[in-house]
Amino acid sequence: MASLKHWGESPELAEKTMKRRSLVHCGWGRVLFGHTYADHQALIEDLNDEDQLRSDVVFYCREPQVLVSKAPHQLFIDPSLTYRLDLSGSKPEVTRSPRLRVRTLMGGWDEYNINKLLLDLGRVDLGDDFTHKMFADPSLSVLIAEDEKSGQLLGCVFGIDHKLAFDDPDNGSSAWSLAVVEDSPLSGVASALISELAKRFREKGRQFLDWSIVHDEQDDCLLAENMGFARVPVYSVKNRNAVNEPLYTSEAECQPESLSAQALPLVEQARRLGISVQIHDAARDLFSLQLAGQSVRCKGALTELTSAVALQVCEDLHISNSLLRGVDVAVPAQCFISTKKALEEFAKPFISIDLLPAVGNDDGQALLGLKTEADLEAAWHVVQSSKLQWVARESIFGQKIDVLVIGGDVFAAKVGGRFLDHSEPCREKVISPGSTHNSEDVTQRLHPVIKRAALMASQALGVQVVALEMTVASACQPDYKVTLANPRPALNAFAPQPVIEHWLKFLFPSLATAIEMKRTF
């Protein structure tokens, strides 16, 4: 039988009689009949046309392992089991409540109730105008079960007539997406739907009914066996996408709920692209990404590809400032403060100065906008009472922007805070590149001088993923000064730019090739 031969050449009769490249749209996704496709490339092309938030499936997939090998970052073998009911044999005995009525979907109200049922069960809905599409395709039918007394919809099942869909030489049919309300007031809803579907296909002269069931749906598997279905070697393939994510990732390897708001989007996007994720310590955002034999350990957006030396360079304001100045990247004037006199002398040429811890995150300890003798006196008392080293820096006025560099590419830029004017009596604390507040995307307006400075800064600091905080007159003007380098950027803060995908492609170069190949179809 053509439907059971998933290797080698197709049976000669099937090649001559079957409609080629056959698919049926079921609302929640399309069923692509794999054995009607001449080659795997055609299947991949049609799978690339999958609508957003749908779940297409290749059924009767020939040599599924070979198909997946041609697009391993895009496809996976669906962990489903296929059961077949011989419709020429005895009818399965089904007992059901006299109040339970099974009928064909008739119109918009039925469609509304099915959508509500599917969404309540956490499944994909039918999309727009499904009823009209169903009536236009004679191969597709939808049965619903309802309580005759209350009118409540209790379940539904989709059926495809293979003879009408692609002139099946095996003369078969299939059942899809059986759904039953939780805590149904009537028993036997699932068996009633499947038996009615089988009856209708039997009356049309079909030879068998295939039913694809996810392997861990134990109740459905047991029902199929009790109704006389038998397992058959049929394989399915699906796209790696947000809908199918639970089917190709393991809860044991990835339980991301406790990750921070900065790390969670990284893990979610990685899983959608077929990258394996292992959480080591969710509370500290520590996880590993694995793809094609390569593994990268991450702490948020900071990865093991950033050396300990580069990390310390970024965190030490004196070293980072010195390195950037050495490659002619504009930075604020600054110096270590060891005496009160040194602090006063440094402050003389400037409208105001800032006092910051020399190493690490200031944790709100920075003293900003120091202008008067009283300001400097109070600041010196803070320095004396602290065990930290402090750096005095000229206050920089203008617009704060964050420029993101990934792998030698200035990929995104956003406004990082409000414009700061020297006439203001008190300056706000700078908003760091790690924050996730709402901000304006200025990537397309970024001046070439600023882009060049960002690249030179990344190279000088020896870090390939870094958010550079700059103060500018405007993003589209060349004047700037780099005030901070953050090797732990919150990538999701740079939306709408697709920075997380770009970050993942930087970590896994083979992923970039796979994504670009998919987009060229």
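Look up: the structure comes first, before these words.
Residues numbered from 1 in each chain as written. Predicted model: local features only at pLDDT ≥ 70, side-chain atom pairs only at ≥ 80, totals over all residues. Heavy atoms only, no water.

### Let's talk about the overall build of the chain
Stated precisely, the cut-off is as follows: To qualify as a helix, a DSSP run of H or I must reach at least 4 residues; to qualify as a strand, a run of E must reach at least 2; elements of each kind are numbered from the N terminus. Relative accessible area decides the class of each residue, using a 1.4 Å probe on protein chains only: under 20% of the type maximum gives buried, over 50% gives exposed, and in between gives partly exposed. Contacts were defined at the residue level, with two residues in contact if any of their heavy atoms lie within 4.5 Å. Only the protein chains shown count as cover for residues, with accessible areas throughout obtained via the Shrake-Rupley method and a probe of 1.4 Å.
Check the secondary structure of the chain and you find 17 helices and 24 strands. Counting only residues that meet the buried cut, the chain has 52% of its 521 residues in that class. Across the chain, the fraction of contacts at a sequence separation of at least 24, relative to all contacts at a separation of at least 6, is 67%. Summed over its atoms, the accessible surface of the chain is roughly 24,000 Å², and 51% of this surface lies on carbon and sulfur atoms.

### Overview of helix α7 (residues 189–203)
Note: α-helices contain 3.6 residues per turn, so residues at a spacing of three or four share the same orientation. Which entries qualify depends on this criterion: The span one expects for a helix is its residue count, reduced by one, times 1.5 Å.
Over its 15 residues, α7 extends 21 Å from the first C-alpha to the last, a length consistent with the 21 Å expected when each residue adds 1.5 Å. Burial within α7 is extensive, with 12 of its 15 residues counted as buried. Of all the positions in α7, only V189, A190, S191, A192, L193, I194, S195, E196, L197, A198, F201 and R202 are classed as buried. Downstream of α7 by a residue or two, G205 has a phi angle that is positive, lying close to 90 degrees.

### Some words on the sheet that holds strand β1 (residues 23–25)
Definition in use: In this description, strands pair whenever DSSP reports at least two bridges between them. In this analysis an axis means a line fitted to C-alpha atoms, helices contributing only their contacting stretch, and an angle means the value between N-to-C directions, from 0 to 180 degrees.
Taken in spatial order, the five strands of this open sheet run β1-β2-β3-β12-β4, and their pairing is mixed. Of all strands in the sheet, those with a lone pairing partner are β1 and β4 (75–77), marking the two edges. Neighbour-to-neighbour, the strand axes of the sheet open up by a mean angle of 20 degrees, direction not taken into account. Sheet topology places strand β2 (residues 30–33) next to strand β3 (residues 57–59); three bridges connect them, and they run parallel. Opposite F33, over in β3, you have F59 as the bridge partner. Against the sheet, helix α2 (residues 40–47) makes contact with β1, β2, β3, β4 and β12 (237–239), and its axis sits at roughly 175 degrees relative to β2, the strand it touches most.

### Remarks on the sheet that holds strand β15 (residues 294–299)
One open sheet holds the four strands; their spatial order is β13-β14-β15-β16, and the pairing between them is antiparallel. Each having just a single partner strand, β13 (276–281) and β16 (302–303) make up the two edges of the open sheet. Sheet topology places β13 next to strand β14 (residues 286–291); five bridges connect them, and they run antiparallel. Of the residues in β14, the one forming a bridge with S276 is Q290. Strands in contact with helix α10 (residues 264–272) are β13 and β14; relative to β13, the strand with the most contacts, it is inclined by about 155 degrees.

### Description of the side chain of H502
With respect to the secondary-structure elements, H502 resides in helix α16 (residues 499–507). Setting aside its immediate chain neighbours within four residues, H502 contacts I406, D409 and F411.

### Some details on the environment of L87
For L87, the position within the fold is in the loop between β5 (80–86) and β6 (100–104). Sequence separation between L87 and R206 is 119 residues; the distance between their C-alpha atoms is 6.9 Å. Aside from chain neighbours lying at most four places away, what touches L87 is S173, A198, F201, R202, R206, Q207, F208 and L209.

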